[in-house]
Amino acid sequence: MKTAVLIGASGLIGNFLLYDLLAESSYQKVIILVRKLLPIEHYKLTQVVTDFADENILKANIIGDDLFICTGTTIKKAGSKEAFKAIDWHLPFSIAQVAKQNSIQKVLLVSASGANEKSLFFYGRIKGFLENSLQKLNLPQLIIFRPSLLLGNRKEKRLAEKIFQKIFFAISFLFIGKLKKYKGIEAQQVAKKMNEIAQSSSNQKVIFFENNDLFQK
């Protein structure tokens, strides 16, 4: 019986993933680190409230077998590029460092389609920088998921994202073959894939799942 640790349980993917992990028979315990308590109770669930600044709290609670990192924001919500970088790079990197110290065997990260340190877009560069930084940590196993535009209803309002969701949904029939990697994907599907992959075994140290790998077969 395993223990899962989830960061980002209040987010679009993270919230779906939380319920999948609680329903997964191979986990006897699910630990989530949150900025404020979520309105859910479950016999497997332990909620740890933290601002993620206290390293002692992180070290004491990022303990288990599989770590799921589903953090993420937008530059607009963060307020600046530096604040965005702190949330989308520094925070998950720090968490992964603690995971290595605590001998967590699998780190499963939500990145993004087009992640590349040399990307023309700041968002893609930061995601690529994070991926490369985590690979240099030499974790026991790192599994990176690169979804395209996420479909689903967020608790927070993101007007631009909502507009793009509607556009992508309307033209989804065009995303076939090589274009499938750009097709919008339901956040719930990404969550299910993450849980599914966490239960599988592989000798590969670093594994990437591109957007077209995430759709239900």
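Shown above is the structure to which this text applies.
Presented here is an overview of the structure given in this document.

What counts and what doesn't
Residues numbered from 1 in each chain as written. Predicted model: local features only at pLDDT ≥ 70, side-chain atom pairs only at ≥ 80, totals over all residues. Heavy atoms only, no water. Phe/Tyr/Trp six-rings, centres within 6.5 Å; stacked < 30°, edge-to-face > 60°. Helix = DSSP H or I, 4+ residues; strand = E, 2+ residues; numbered from the N terminus. Buried < 20%, exposed > 50% of the residue type's maximum accessible area, 1.4 Å probe, protein only. Salt bridge = Lys/Arg side-chain N within 4 Å of Asp/Glu carboxyl O. Pairing = 2+ DSSP bridges. Expected span 1.5 Å × (residues − 1).

### A closer look at the packing of aromatic side chains
Okay, step 1: Under the counting rule described, the total for this entry stands at five aromatic pairs.
Okay, step 2: On the basis of an interplanar angle of 50 degrees and a centroid distance of 5.8 Å, the ring pair of phenylalanine 84 and phenylalanine 122 is categorised as tilted. Here phenylalanine 84 is found in helix α4 (residues 81-101), whereas its partner phenylalanine 122 is found in helix α5 (residues 122-136), with 38 residues between them in sequence. One exposure class covers both phenylalanine 84 and phenylalanine 122, and it is buried.
Okay, step 3: Centre to centre, the rings of tryptophan 89 and phenylalanine 93 are 5.5 Å apart; their planes meet at 10 degrees, and the pair counts as stacked. Of this pair, tryptophan 89 and phenylalanine 93 both sit in helix α4, four residues apart, which is roughly one turn of the helix. When sorted by exposure, tryptophan 89 lands in the same class as phenylalanine 93, which is buried.
Okay, step 4: One aromatic cluster in this structure is built from Phe84, Phe122 and Tyr123.

### A word on the pattern of salt bridges
Okay, step 1: Across all of its chains, the model carries seven salt bridges by this definition.
Okay, step 2: With a closest N to O distance of 3.8 Å, lysine 192 and aspartate 20 form a salt bridge. Placement of the pair is lysine 192 in helix α7 (residues 187-198) and aspartate 20 in helix α1 (residues 12-23), with a sequence separation of 172 residues.
Okay, step 3: Assessed through its relative accessible area of 40%, lysine 192 is described here as partly exposed.
Okay, step 4: Among the ionic pairs, glutamate 55 bridges to lysine 59, the shortest N-O distance being 3.3 Å. Of the two residues, glutamate 55 and lysine 59 are both situated in helix α2 (residues 55-61); the distance of four residues between them amounts to about one turn of the helix.
Okay, step 5: The class for glutamate 55 is partly exposed, based on a relative accessible area of 42%.
Okay, step 6: Given a relative accessible area of 34%, lysine 59 falls into the partly exposed group.

### Structural notes on the pairing of strand β4 (residues 66-69)
Okay, step 1: Burial along β4 is two-sided: Asp66 and Phe68 facing one way and Leu67 and Ile69 facing the other are all buried.
Okay, step 2: The pairing of strand β1 (residues 2-7) with β4 spans four bridges and is parallel. By the bridge assignment, leucine 6 is partnered in β4 with phenylalanine 68.

### A word on α7
Okay, step 1: When the terminal C-alpha atoms of α7 are compared, their 17 Å separation across 12 residues agrees well with the 16 Å that a helix rising 1.5 Å per residue should span.
Okay, step 2: Taking burial as the measure, the 12 residues of α7 include nine buried ones, the bulk of the element.

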